[in-house]
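Descriptive structure summary
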Amino acid sequence: MSDYKNILQDTHGRDHAYLRISLTERCNLRCTYCMPSDGVQLSPKSHLMTYEEIYEIAKTFVDHGVTKIRLTGGEPLVRKDIPVILEKLATLPVELSITSNAVIIDRFIDVLKANGVNKINVSLDSLDEGKFKHITRRHEFKKVYDNILLLVKAGFTVKVNAVLMKGFNDNEIIDFINFTKDLPVSVRFIEFMPFDGNKWDMNKMVSYAEVMTYVNETFSADKIERLQDAPNDTSKNYKIKGYKGSFAIISSVTNPFCDSCNRLRLTANGQLKNCLFSSGESDLLSTLRAGKSIEPVIQKAVRSKFKVRGGMDTLKKLQEPKLHNNNRSMITIGG
Ligand code: SAM
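Here we summarise the structure given alongside this text. (Residues numbered from 1 in each chain as written. Predicted model: local features only at pLDDT ≥ 70, side-chain atom pairs only at ≥ 80, totals over all residues. Heavy atoms only, no water.)

**Examining the overall build of the chain**
Along the chain, the regular secondary structure elements total eleven helices and twelve strands. Radius of gyration (C-alpha) of the chain: 19 Å, near the 20 Å computed for a compact globule of 335 residues. In terms of principal-axis extent, the alpha carbons of the chain reach across some 60 × 45 × 40 Å. In the chain, which comprises 335 residues, the share counted as buried stands at 55%. Put simply, of all contacts in the chain between residues at least 6 apart along the chain, 73% involve residues at least 24 apart. Carbon and sulfur atoms provide 50% of the accessible area of the chain, an area that totals close to 14,800 Å². (Helix = DSSP H or I, 4+ residues; strand = E, 2+ residues; numbered from the N terminus. Rg over C-alpha atoms; globule rule 2.2 N^0.38 Å. Buried < 20%, exposed > 50% of the residue type's maximum accessible area, 1.4 Å probe, protein only. Contact = heavy atoms within 4.5 Å. Areas by Shrake-Rupley, 256 points an atom, 1.4 Å probe, with all protein chains shown as cover.)

Laid out in structure tokens, this is it:
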């Protein structure tokens, strides 16, 4: 271990034990709210982290206190060397998990299990095949739906992420909750967030309060159970009594959870982001390739983390395009 101590603690007293690593900027879906309609400029392959570099950077974080690593993207499973990445990371003392659109996850059940991945988050924004095609610009609904059932059957802990948008899928909130009646999954409704090129508009977002209005209009108060949220949880968790699964709201816009934030993000081209909303990045990959220690770069990045949402501490600031347009689009951050 080096001389660097507490490099994962920021100036607001938050310790960062959770690293989200984006493995690729590529995706087999084209979700309109995630990827700009004219696509993204992909980094040349030589600018992306190799599996050895992913391991080396991840190990430094683990040596300094990271206990959870989530793999994301783009779509992490389209990366050809995903089995090797999983094998390498599985040698570290961390909880390894993955966020996927599940289109091809049926091919990876064994490799995920063999490497101790038990928790999988799957994105699914509509239970309606036509709407799914509209939002993802791809015809893969059945595969995703069947793969969610397959993952549950195979014993994985599955969370289903649905980004809600007004006039698009807000009329499916109750359908999604009813999806948890016989299926032990947690459906998480995500407030639509602003990123470069995603035409964000506060009026399109469905808030935590609005979700709960639908819930309260449909289920009687004695049926709605507020669950205990896990430490550092980004979601407010609920359950309908008697249902096998649960539901939650991730309210990054109306109710940010920055006080307990313990997350850092590493992009596929090796840039450290100290906050999802921050446009600032620190180049770990070039530092590593130059043969220098990445620890001081990590320390500086963590210490410069804003208290709230990359400095956008009010809803008014969040609505100013110039404050978030310098950020990447979500496809190249990883969610
Ligand atoms: N391909 C994987 C998937 O589909 O889950 C991982 C990457 S995706 C960028 C990670 C998560 O970010 C998904 O759950 C997606 O719905 C969410 N996401 C993307 N853009 C978003 C936005 N503008 N607001 C809220 N969530 C967003």
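**Description of the nonpolar core**
Judged by nonpolar contacts, the single largest core of 105 residues is most densely connected at I21, F61, I69, I177 and F189. Here the element with the most residues in this core is helix α1 (residues 51–63); it accounts for six residues. Aside from chain neighbours lying at most four places away, what touches I21 is M49, I54, A58, I69, R70, L71, T72 and L266. (Core = buried A, V, L, I, M, F, W, Y, C linked by side-chain atoms within 4.5 Å.)

**Notes on helix α2 (residues 82–89)**
Think of an α-helix as turning once every 3.6 residues; residues three or four places apart then point the same way. Restricting attention to buried positions, one finds in α2 the residues I82, I85, L86 and L89. Looking straight down α2, one finds its buried side chains confined to an arc of 100 degrees; they lie on one side. Lining the buried residues of α2 we find α1, β2 (68–72), β3 (95–100) and α3 (109–114). (Arc of directions from axis to C-beta.)

**Here we look at the pairing of strand β8 (residues 235–240)**
Looking down a regular strand, the side chains alternate between one sheet face and the other. Counting buried residues along β8, five of its six residues qualify, which places the element largely inside the surrounding structure. One ladder, built from three bridges, connects strand β7 (residues 224–226) with β8; its direction is antiparallel. By the bridge assignment for β8, R226 is matched with Y238. Alignment of β8 against strand β9 (residues 246–250), held across four bridges, turns out to be antiparallel. Looking across to β9, one finds that N237 is bridged to A248. (Pairing = 2+ DSSP bridges.)

**Description of the environment of A17**
Within the secondary structure, A17 sits in the segment before β1 (18–22). C-alpha of A17 to C-alpha of Y145: the two residues are 128 residues apart in sequence and 32 Å apart in space. Each residue touching A17, except ones within four places of it in the same chain, is listed here: G65, V66, T67, K68 and N262.

**Quick look at the packing of aromatic side chains**
Scanning the entire structure with this criterion turns up eight aromatic pairs. Geometrically, the ring pair formed by F176 and F189 is edge-to-face, given 6.1 Å between the ring centres and 80 degrees between the ring planes. Separated by 13 residues along the polypeptide, F176 in helix α6 (residues 173–179) and F189 in strand β6 (residues 186–191) bring together distant segments of the chain. Grouping residues by exposure puts F176 and F189 together as buried. With a centroid separation of 6.2 Å and 90 degrees between ring planes, the pair formed by F219 and Y243 is classed as edge-to-face. With F219 in the loop between α7 (208–218) and β7 and Y243 in the loop between β8 and β9, this pair connects stretches of sequence that are 24 residues apart. For F219, a relative accessible area of 11% puts it in the buried group. Y243 sits in the buried class, given a relative accessible area of 13%. These aromatic residues form a ring-pair network of at least three members: F132, F141, Y145 and F179. (Phe/Tyr/Trp six-rings, centres within 6.5 Å; stacked < 30°, edge-to-face > 60°.)

**Re the site of the ligand**
Around the ligand sit 21 residues, and of these G74, E75, S123, M193 and M330 come closest. The side chain of S123 places a nitrogen or oxygen atom 2.5 Å from an oxygen atom of the ligand. At 2.9 Å from a nitrogen atom of the ligand is found a main-chain nitrogen or oxygen belonging to M193. The protein chains hide 95% of the 550 Å² of surface that the ligand would expose on its own. When residues of the shell around the ligand are traced back to their parent elements, those giving at least two are β3, β5 (157–164) and β6. (Near = heavy atom within 4 Å. Polar contact = N/O pair within 3.5 Å; in protein donor to acceptor, adjacent residues only side chain to side chain.)

**A look at unusual backbone geometry**
In this structure, A102 is a non-glycine residue whose phi angle is positive, near 70 degrees. Along the polypeptide, A102 turns up in the loop between β3 and α3. Backbone geometry places R309, a non-glycine residue, at a positive phi of 35 degrees. Structurally, R309 can be placed in the loop between α9 (295–303) and α10 (315–318). The exposure class assigned to R309 is buried, which follows from its relative accessible area of 4%.

**Some details on the sheet that holds β9**
Read from one edge of the open sheet, twelve strands run β7-β8-β9-β6-β5-β4-β3-β2-β1-β10-β11-β12, paired in mixed fashion. The sheet is open, and its two borders are formed by β7 and β12 (282–283), each paired with just one other strand. Of the strands in this sheet, β1, β2, β10 (263–266) and β11 (271–273) are in contact with α1, which crosses β1 at around 170 degrees. (Axes fitted to C-alpha atoms, helices over the stretch in contact; angles between N-to-C directions.)

**Side note on the side chain of D125**
In this fold, D125 is placed in the loop between β4 (119–123) and α4 (129–136). Polar contacts involving the side chain of D125 include one to the main-chain amide nitrogen of V163, which spans 2.9 Å. Not counting residues up to four positions away in its chain, the partners in contact with D125 are Y33, I135, N161, A162, V163, N169, E172 and F176.

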